[in-house]
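# Structural description and commentary
Spelled out from the first residue to the last, the chains are:
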Number of protein chains: 2
Amino acid sequence: MKTYRDIYKWGDKRETKIDQGTINVIKEKFGFTDSELQQTHLLGNQIVKLDKTCQISQNIIDQFIKIVGEENLKTDDFSRANHSYGKYYRDLLKLRKEEIPTPPDAVIYPKSDEDIEKILEICNKNQISVTPIGGQSSVTRGVETPLGGISLDLTKHLNKVLELNEINSTVTVQSGMYGPAFEEYLNQRSFSCGHFPQSFEYSTVGGWVAAKGAGQASTGYGKIEDMVLSLKAITPNGTIHTKTYPASAQGWDLHPVFIGSEGTLGVITEITMKIRNYRPNNTKYASFIFKDFKFAVDAMRTVMQSGIGVPHLFRISDPEETEIAFKTKNFDHTFADKFLNTLGYKSGHRCLMFVAVEGNKSYTNQVISSIKKITKRFGSFSLGASPTKKWLEQRYSSAYLRDPLMDLGIMTDTLETAVMWDNLIPLWTNVRKYLKSREKTVAMVHISHVYENGANLYFTFLSPMKKGDELNDYDEYHKGIIETIITNNGSLSHHHGVGRTLAPWMEKELGKENLKLMQAIKNQLDPKGIMNPGNTLGIKP
Amino acid sequence: MKTYRDIYKWGDKRETKIDQGTINVIKEKFGFTDSELQQTHLLGNQIVKLDKTCQISQNIIDQFIKIVGEENLKTDDFSRANHSYGKYYRDLLKLRKEEIPTPPDAVIYPKSDEDIEKILEICNKNQISVTPIGGQSSVTRGVETPLGGISLDLTKHLNKVLELNEINSTVTVQSGMYGPAFEEYLNQRSFSCGHFPQSFEYSTVGGWVAAKGAGQASTGYGKIEDMVLSLKAITPNGTIHTKTYPASAQGWDLHPVFIGSEGTLGVITEITMKIRNYRPNNTKYASFIFKDFKFAVDAMRTVMQSGIGVPHLFRISDPEETEIAFKTKNFDHTFADKFLNTLGYKSGHRCLMFVAVEGNKSYTNQVISSIKKITKRFGSFSLGASPTKKWLEQRYSSAYLRDPLMDLGIMTDTLETAVMWDNLIPLWTNVRKYLKSREKTVAMVHISHVYENGANLYFTFLSPMKKGDELNDYDEYHKGIIETIITNNGSLSHHHGVGRTLAPWMEKELGKENLKLMQAIKNQLDPKGIMNPGNTLGIKP
Ligand SMILES: Cc1cc2nc3c(=O)[nH]c(=O)nc-3n(C[C@H](O)[C@H](O)[C@H](O)COP(=O)(O)OP(=O)(O)OC[C@H]3O[C@@H](n4cnc5c(N)ncnc54)[C@H](O)[C@@H]3O)c2cc1C
Ligand SMILES: Cc1cc2nc3c(=O)[nH]c(=O)nc-3n(C[C@H](O)[C@H](O)[C@H](O)COP(=O)(O)OP(=O)(O)OC[C@H]3O[C@@H](n4cnc5c(N)ncnc54)[C@H](O)[C@@H]3O)c2cc1C
């Protein structure tokens, strides 16, 4: 029998322990005592039990079963509960509180594109909502089912590479394939997909495209929208299958309409995307420390605008994130720390930068040495390759900490935005000011996706929950962050997408006319509004 | 008083003489005698006189005049005739034949975005067609007015840079600005636009975006769709103004809908795009000769997929284009020519490659030397920097030859397509076979826009006109080329766009469902179908 905790835990579902470095930070920042560190909060250890039974008639269920077979349709409580939420902080809270008011009525695992066509036809005829489901790593309430209906889980069967084309350097892959299987397939053939979100291990290619994501090497390889060449999407009003060209001028492109569609237009089933040579031995690493955030940002901007080529991984941690990194890695108060302080890289001001460059050796050498030269002009101190390599070792697993932190009653979430260079420092300053207006709050910021014209800002915050009022407390705080971002010219999202969490701001952000155009496209492809309904992206229904 | 010839001549409208090298080729390939070289054909020297008067009522004309002022509305014959065609071979034939069956009823030069809004309102109310007009360099019948109406010429007033943002490395420019003025503005401030179509001197930023074009440095800087960050478009159903971010995930992007819209959705008035540092002194040049086309293509593909960075200009001429280049430059039969033949670079097989790399010096050095290494593996012989530099000197002006060639009764046109690497050689082979199935035809092919996953192919053909039946003869030949391209997995266009010329193939090429989606977007923004109507892009009306 499975519990709510079995659903919400991120990653491989093992229990992760908080390391001593982080414990020390918690003690210092939140004043937690040793006995508080033994207490736990909202574990969600009850066996899952839904109040709401499946609302779809047996007749229709039978039609579905005829299509996919009995083993591929689930209406048991756990399966439905397990498809009720993504991995947003609020989702985790809800599961910990054992609240699932609107589960899907059924979970279906289609075996083929044809299955999906038939299922959509039935759903369209009977006005049954359909939510496409990948890895469920959405952090924007993208996979919730406020109107019930079916969760169409693509990960069980639609998870294969359909074609690798080595000459063209492209791959055609089914949308339900998880990151690791995809990358392993490619690595074995000396290629790499180049897209590594922190959620890589538990997200799918289809989810990357549908939520318009970015991987940790996006500065070199681009966001997912820069990688997709064509796709197939099955909508309630027909199938859109675009052709694969390196580029073209045949009217406006249609595949971008599905990148960021978040399940509202149809089910993306196939994606043809660029791939790259896999040559990890060529990769060059560097890391630097800067005296303050402004210097680091200026160095980063200069690198991106200098025409030296681009690094693939490119990150800066702001002073507080740098400080916490030093503390949790027990670097604080070491001899090296003192040395850096003496040189003027003072804790509370200094900032870490990580760099990795992929490609041909001549390229990686040239780019890394150009970056060294440029950063030096901004007063950087080189820390060598190893800090970046160490960071890469835990590139996915650091997110596993979220669950044990929440066990301790600590609210912890992340928010991200994209901003043009000239607005970056003001946005950072003002969002930080807002974040820190809450007492006992750790607010760490980094830049991790960098462009010629601007960058993202990624905010991580930790603060003790307001026990008993966790949801309202969070919602109010969260709302203030979004509004501060928007007021300071940041986008609603750079790579997490919108889902239902950010939907209320879409009209204000995009403008009425723009949202009307989105709605018209929605209405064309999904005239009855069955695809991921309930205000996803701020479109109706 | 102005003639049809004053309208159709390309470029600066001066008379251009054919150089002796080209004359020799014409003699050799078409068997033209010296006396035939003195004859001229279809000069269009008559004074322009339209049969059709302006069909818009005086009342409405007065409403327009109230908005833009008398000086900005023209209904005289020459102004209307001058806005009847683009620069497609067939357009030039029509003008030479002094045939303008469907001129616009009036030409309007709006002074501001507000003027455009008001004009569209009147046109929408009165079902008057509106064709946005940039440099009129369309080679796809994109600016024709089969239903009359107004030509909205943006070049007179809407031709300014609105904002240069040096920190963000972006510029916001009005759509009617011509290439040279735009680039000069940027160069003076140490920036470059990076977009240099062969029509650069006589095309506008708005036209680049609306027709989804590519410049000669696109291999480094991307096509226009890779440069545009945001835009403003005034449609009959409201104004779409997108925000400027380096990237974002706020649902699917809306600005791509206008890139390639070819006037069918609305009037693009402002564009915010990336710009680059202007540092011509850093540019590195190289040129090579290969033993055959396949070697050259394989070398090119390897360069693009090697992770060495990218060159900006990257071209190969196929054997026939190489041969003609050698002949017209009087290189044929020189000592150097013989030497190359001895080395195995035989005329009729050998292929020229041009390379230029822009950016930081460390980058340009690294990329050019990597390219030298790679091409060597494919048997290249280096010709040094100067052939590429010489090619760049005439990068725009070679197109001026078209008019004097047509004066001699020579049909000359170009067609282009994009194709994945694995289909490139078969497509090239089969289209060439088709082209050469016409007797006395010179068929030159080059690759000029290169990607990791494929490239364009650009076909130039010359052949004596079938005098008296020039149009049908051309149409039939042209149709065969398109069909051969499509059958061989080429796109309908890589950068010229679709217009009305390629419209008949759109449904076959995109598929019914895809075209339906385009039509739905059209219907949303232009419900009465007033924007550039008459089958542009294969959408209705
Ligand atoms: C710890 C953690 C770290 C993260 N880090 C990153 C990061 O670095 N970069 C990043 O971009 N994101 C990140 N995310 C967010 C999330 O992982 C991405 O949005 C991811 O792309 C979602 O993929 P998924 O397969 O899990 O999709 P899901 O969560 O299952 O679905 C996401 C949305 O897409 C729709 N959808 C999914 N598949 C399809 C399909 N085939 N057709 C149509 N619609 C579909 C769903 O309906 C839903 O609206 C992170 C999330 C977590 C929990
Ligand atoms: C000799 C020659 C060489 C060429 N070489 C190239 C090349 O190398 N690369 C390339 O990409 N193209 C090339 N072209 C084609 C042409 O120059 C491009 O399509 C160019 O981008 C058109 O720009 P324009 O300002 O002349 O637009 P126009 O010809 O005036 O218009 C083109 C289309 O866009 C629409 N349009 C124009 N402005 C707007 C606006 N502001 N809002 C909405 N719709 C608008 C028009 O209605 C029309 O449908 C060449 C043409 C010639 C004659």
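Parameters and conventions
Residues numbered from 1 in each chain as written. Chains lettered and ligands numbered in written order. Predicted model: local features only at pLDDT ≥ 70, side-chain atom pairs only at ≥ 80, totals over all residues. Heavy atoms only, no water. Helix = DSSP H or I, 4+ residues; strand = E, 2+ residues; numbered from the N terminus. Rg over C-alpha atoms; globule rule 2.2 N^0.38 Å. Buried < 20%, exposed > 50% of the residue type's maximum accessible area, 1.4 Å probe, protein only. Contact = heavy atoms within 4.5 Å. Areas by Shrake-Rupley, 256 points an atom, 1.4 Å probe, with all protein chains shown as cover. Lys, Arg positive; Asp, Glu negative; His and termini not counted. Charge placed at Lys NZ, Arg CZ, Asp CG, Glu CD. Near = heavy atom within 4 Å. Polar contact = N/O pair within 3.5 Å; in protein donor to acceptor, adjacent residues only side chain to side chain. Salt bridge = Lys/Arg side-chain N within 4 Å of Asp/Glu carboxyl O. Least-squares fit on C-alpha atoms with pLDDT ≥ 70 in both. Buried area = accessible area lost by both parts, 1.4 Å probe. Phe/Tyr/Trp six-rings, centres within 6.5 Å; stacked < 30°, edge-to-face > 60°. Domains from an automatic or database assignment. Nonpolar A, V, L, I, M, F, W, Y, C, P; charged D, E, K, R; others polar.

### Some remarks on the overall build of chain A
Counting secondary structure elements, chain A contains 20 helices and 18 strands. For chain A, whose C-alpha radius of gyration is 23 Å, the value lies close to the compact-globule estimate of 24 Å for 541 residues. Its C-alpha atoms give chain A principal-axis dimensions of about 75 × 60 × 45 Å. The burial tally for chain A puts 64% of its 541 residues in the buried class. Within chain A, contacts between residues separated by at least 24 positions form 76% of all contacts whose residues are at least 6 apart in sequence. Element-wise, carbon and sulfur atoms account for 50% of the exposed surface of chain A, whose accessible area totals about 19500 Å². Once the 66 positive and 61 negative side-chain charges of chain A are each reduced to a mean point, those two points are 4 Å apart.

### Re the environment of I150 of chain A
Assignment of secondary structure puts I150 of chain A in strand β4 (residues 150-153). Taking the C-alpha atoms as reference points, I150 of chain A and I56 of chain A, 94 residues apart in sequence, are found 9.0 Å from one another.

### Topic: the site of ligand 1
All names here are of chain A. Neighbouring residues of ligand 1: 35 residues in total, closest P132, G135, S137, S199 and T204. In this structure, P132 approaches ligand 1 through a main-chain N or O atom, which is 2.7 Å from an oxygen atom. Measuring from an oxygen atom of ligand 1, one finds a backbone N or O atom of H495 at 3.3 Å. Out of a free accessible area of 960 Å², ligand 1 has 97% covered by protein chains.

### Structural notes on the pattern of salt bridges
Under the defined criterion, the tally for this structure stands at 68 salt bridges over all chains. Across the pair R432 of chain A and D318 of chain A runs a salt bridge, and its minimum N-O distance is 3.7 Å. Placement of the pair is R432 of chain A in helix α17 (residues 421-436) and D318 of chain A in the loop between β13 (313-317) and α12 (319-328), with a sequence separation of 114 residues. The same class applies to R432 of chain A as to D318 of chain A, namely buried. The closest approach of N and O atoms between E509 of chain A and K243 of chain B, which form a salt bridge, is 3.1 Å. In this pair, E509 of chain A sits in helix α19 (residues 506-510) while K243 of chain B sits in the loop between β9 (238-241) and β10 (267-274), so the two residues belong to two different chains.

### Topic: the relation of the copies chain A and chain B
Here chain A sits on chain B after a turn of 180° about the axis and a move of 0.0 Å along it, with an RMSD of 0.0 Å. The transformation relating the two chain copies, once decomposed into turn and shift, fits a two-fold axis.

### A short note on the interface of chain A and chain B
Opposite the 86 residues of chain A that make contact, chain B presents 87 residues. Of the roughly 6600 Å² buried between chain A and chain B, counting both surfaces, carbon and sulfur atoms make up 57%. Linking chain A to chain B there are six salt bridges. The partner of R276 of chain A in a salt bridge is E452 of chain B, and the shortest N-O contact between them spans 2.9 Å. Where chain A meets chain B, there are 46 residue pairs in polar contact (both at pLDDT 80 or more).

### Describing the packing of aromatic side chains
Using the criterion set out here, one finds 30 aromatic pairs over all chains in the structure. An angle of 70° between the planes, with centres 5.9 Å apart, marks the rings of Y88 of chain A and Y474 of chain A as edge-to-face. Linking Y88 of chain A in the loop between α4 (77-82) and α5 (89-96) with Y474 of chain A in helix α18 (residues 470-487), this pair joins segments that are 386 residues apart in sequence. Taking the centre distance of 4.2 Å and the plane angle of 35° together, the rings of F293 of chain B and W428 of chain B count as tilted.

### A few points about the domain arrangement of chain A
Residue and element names in this part refer to chain A. What the domain assignment reports for chain A is domain 1 (4-153), domain 2 (161-277), domain 3 (280-395) and domain 4 (505-538). At the junction of the two partners, domain 2 supplies eight residues and domain 3 supplies nine residues. Taking both sides of the interface into account, the surface hidden between domain 2 and domain 3 amounts to around 750 Å²; carbon and sulfur atoms contribute 47%. The largest contributions to the domain 2 side of the interface with domain 3 come from Q216, T219 and Y221, which together make up 69% of the buried area. Counting across the interface, domain 2 meets domain 3 through zero salt bridges. Counting every contact that joins domain 2 to domain 3 gives four residue pairs in polar contact (both at pLDDT 80 or more). For the side of domain 2 that touches domain 3, a count of residues per class yields three nonpolar, five polar and no charged.

### Focus on the site of ligand 2
Residue and element names in this part refer to chain B. Around ligand 2 sit 36 residues, and of these P132, G135, S137, S199 and T204 come closest. With respect to ligand 2, the backbone of P132 contributes an N or O atom lying 2.7 Å from an oxygen atom. In the complex, 97% of the free accessible area of ligand 2, which totals 960 Å², lies under the protein chains. Breaking the shell around ligand 2 down by element, the ones donating at least two residues are β3 (130-133), α8 (205-210) and β10. The element that contributes the greatest number of residues to the shell around ligand 2 is α8, accounting for four residues. In terms of residue class, the shell around ligand 2 is built from 15 nonpolar, 19 polar and two charged. For the shell around ligand 2, the two domains that each supply at least three residues are domain 1 (4-153) and domain 2 (161-277).

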